[in-house]
Amino acid sequence: MTIRVPLREQRDASYDIAIGPGLLAELPALLRRHCPAAAYAVISDSHVAKLYGDEVVKRVAGAGYRAELFTFPAGEWNKTRETWASLSDRMLAAHVGRDGAVVALGGGVVGDVAGFLAATYLRGVPHVQVPTSLLAMIDSSIGGKTGVDVPAGKNLLGAFHQPRLVVADLNFLTSLPPVQVSAGLAEAVKHGVIAAAEYFAFLERDYVAILGKHGAALERVVRGSVEIKAAIVSEDERESGRRAILNFGHTIGHAIEAVAKYEALHGEAVGIGMAYEARLAEALGIAAKGSAERITRLLERFRLPLERPHGASVDDLIAVMRGDKKARGGEIRFALPKAVGVMHGDKKSGWTVGVADERIAKVLAG
Ligand SMILES: NC(=O)c1ccc[n+]([C@@H]2O[C@H](COP(=O)([O-])OP(=O)(O)OC[C@H]3O[C@@H](n4cnc5c(N)ncnc54)[C@H](O)[C@@H]3O)[C@@H](O)[C@H]2O)c1
Ligand SMILES: [Zn+2]
């Protein structure tokens, strides 16, 4: 199955997302068609490289291409400038030229670092995303946002760099640990809330099969989420408008990640963020009564935590949100739902709402 991401601003940068079990076998042919290059630098983290690194390099090399694996230690704490610098140096030492390309093989951390590497290497080389985590398949590999974390916050250095192709081989998910499946599902819940009530209802109905990684259920999750994310990013490539709704759960989620350093996975932090932000939306009279309860219940079914970690005090969270790039003109801004499937806002007044600190503090204090 293929889903196209048509880009309005630069039509020739439009790309395909291929989804299906066993797609890895077709990787060489897909690279030839969508991203021809003299050499492929396959970027991966230590976990994924151990499981699939050799297989990917062998397949690409077996088809007659130059392919080399470059890895870094797994973990969000390695999504840094240092990792980017080390990978750049190693690629230069291996003489990967301007006719080379990057293949990002891994979860969202690999995708973000490798995408940023591709955006900057020799002023930019093409790249292909081969997501291996559920979160990367349904969210981070799509949309062209790349970057690294810095001490001041998450994703503060980066670039928009659209992939030439995304290859989501569902077979990768067989080795994905259950907590990582749950973390990915947080972004699926987000997609349902922001744009698709039927998709949300499917997640509610089929959660047992999804958690059990049943093939058809997982495929429907990936397809459903990809369709939603692709539609949103294609109409607003550089986040000047409606794309902001993808940040539901992320204002508080990113603050949790920053304050309680690595206590929560990104997906977990987003789940917690959605639970609070949904309650905030109700408290402000923006969301219909019962919306927060319904969202929270689904997060619970997916075994996601709902409370802020002990290390994250209300004051610290608000302080971080104040310094966040999404805070403009004084008040902290949120993308909030009106109901499951519909976000608050419009073209004219924008897609985010400024909220006074005291209101946020009250909801965070519970
Ligand atoms: N660019 C974007 O638009 C965007 C969107 C959402 C999230 N993100 C970023 O994505 C990151 C989170 O991504 P993530 O949740 O994939 O984290 P991750 O990349 O750290 O992967 C999670 C863990 O699972 C392992 N793993 C990945 N695939 C596996 C597989 N098939 N089998 C076994 N283990 C596997 C990884 O090695 C890692 O230990 C965050 O840094 C977040 O900021 C970016
Ligand atoms: Zn996210």
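Relevant structure appears above.
Computed from a prediction, not measured in an experiment: that's the story for all the values here. (Residues numbered from 1 in each chain as written. Chains lettered and ligands numbered in written order. Predicted model: local features only at pLDDT ≥ 70, side-chain atom pairs only at ≥ 80, totals over all residues. Heavy atoms only, no water.)

Chemist: What should I look at first to understand the coordination of the zinc ion (ligand 2) in this one?
Modeler: Metal coordination angles in their ideal form are 109.5 degrees for the four-donor tetrahedron and 90 or 180 degrees for the six-donor octahedron. The zinc ion (ligand 2) binds to the protein through Glu 187 (OE), His 250 (NE2) and His 266 (NE2), with metal-donor distances spanning 1.9 to 2.2 Å. In primary-sequence terms, the residues that donate to the zinc ion (ligand 2) follow E-x62-H-x15-H. Pair noted here: His 250 is in helix 10 (residues 250-259) and His 266 is in helix 11 (residues 266-283), with a separation of 16 residues, a long-range link. (Donors = N, O, S within 2.8 Å, 3.2 Å for Na, K, Ca; no water. Helix = DSSP H or I, 4+ residues; strand = E, 2+ residues; numbered from the N terminus.)

Chemist: Looking at this structure, I do not really get the nonpolar core. What am I missing?
Modeler: The tendency in soluble globular proteins is for nonpolar side chains to be buried side by side. Grouped together as the largest cluster of nonpolar side chains are 83 residues, with contacts concentrated most on Ile 17, Leu 185, Val 189, Leu 203 and Phe 302. The element contributing the most residues to this core is helix 9 (residues 215-235), with nine residues. Those residues in contact with Phe 302, other than ones at most four positions away along the chain, are Ser 182, Leu 185, Val 189, Leu 203, Tyr 207, Ile 210 and Leu 211. Counting 25 residues, the second largest nonpolar core, distinct from the first, contains Ala 269, Ile 318, Leu 336 and Val 353. (Core = buried A, V, L, I, M, F, W, Y, C linked by side-chain atoms within 4.5 Å. Buried < 20%, exposed > 50% of the residue type's maximum accessible area, 1.4 Å probe, protein only. Contact = heavy atoms within 4.5 Å.)

Chemist: Explain unusual backbone geometry to me, please; I cannot follow it from the model alone.
Modeler: Keep in mind that most residues, glycine aside, have a negative phi and that most peptide bonds are trans. Unusually for a residue other than glycine, Leu 122 sits at a positive phi of about 50°. Assignment of secondary structure puts Leu 122 in the loop between helix 4 (108-120) and strand 6 (127-131). For Leu 122, a relative accessible area of 31% gives the class partly exposed. In this structure, Lys 213 is a non-glycine residue whose phi angle is positive, near 60°. Mapped onto the fold, Lys 213 is located in the loop between helix 8 (207-211) and helix 9. Given a relative accessible area of 26%, Lys 213 falls into the partly exposed group.

Chemist: Teacher, can you tell me more about the packing of helix 6 (residues 178-195) against helix 11 here?
Modeler: The relative placement of two packed helices is expressed as an angle between their axes plus a distance between the axes. Relative to each other, helix 6 and helix 11 sit at 40°, their axes nearing to 7 Å. Classed by the angle they form, the pair helix 6 and helix 11 counts as oblique. The hand of the helix 6/helix 11 crossing is left-handed. From helix 6, Ala 183, Ala 186, Glu 187, Val 189 and Lys 190 reach across to helix 11, where they touch His 266, Gly 267, Glu 268, Val 270, Gly 271 and Met 274. (Axes fitted to C-alpha atoms, helices over the stretch in contact; angles between N-to-C directions. Parallel < 35°, antiparallel > 145°, perpendicular 65-115°, else oblique. Left-handed = near helix turned anticlockwise from the far one by under 90°.)

Chemist: Just to check I follow, could you spell out the pattern of salt bridges for this structure?
Modeler: Side chains bearing opposite charge may pair, as long as their charged atoms lie close to each other. Under the counting rule described, the total for this entry stands at 16 salt bridges. Note that Lys 190 and Asp 139 form a salt bridge whose closest N and O atoms lie 3.0 Å from each other. Here the residue Lys 190 occupies a position in helix 6, and Asp 139 occupies one in helix 5 (residues 134-140), the gap between them amounting to 51 residues. For Asp 139, a relative accessible area of 6% translates into the label buried. Its salt-bridge partner being Glu 239, residue Lys 145 comes within 2.6 Å of it at the nearest N-O pair. Separated by 94 residues along the polypeptide, Lys 145 in strand 7 (residues 145-150) and Glu 239 in the loop between helix 9 and helix 10 bring together distant segments of the chain. In this structure, a network of salt bridges that share partners links the residues Glu 76, Lys 79, Asp 112, Asp 149, Lys 154 and Glu 257. (Salt bridge = Lys/Arg side-chain N within 4 Å of Asp/Glu carboxyl O.)

Chemist: Looking at this structure, I do not really get the site of ligand 1. What am I missing?
Modeler: Surrounding ligand 1, one finds 28 residues, the nearest of these being Asp 45, Glu 76, Gly 108, Thr 132 and Ser 133. Within the side chain of Thr 132, a nitrogen or oxygen atom sits 2.7 Å from a nitrogen atom of ligand 1. Here ligand 1 loses 91% of its free accessible area of 860 Å² to cover by the protein chains. For the shell around ligand 1, the secondary structure elements donating two or more residues are helix 2 (46-62), helix 4, helix 5, strand 8 (153-160) and helix 6. Of the residues forming the shell around ligand 1, the biggest block, four residues, is contributed by helix 2. (Near = heavy atom within 4 Å. Polar contact = N/O pair within 3.5 Å; in protein donor to acceptor, adjacent residues only side chain to side chain. Areas by Shrake-Rupley, 256 points an atom, 1.4 Å probe, with all protein chains shown as cover.)

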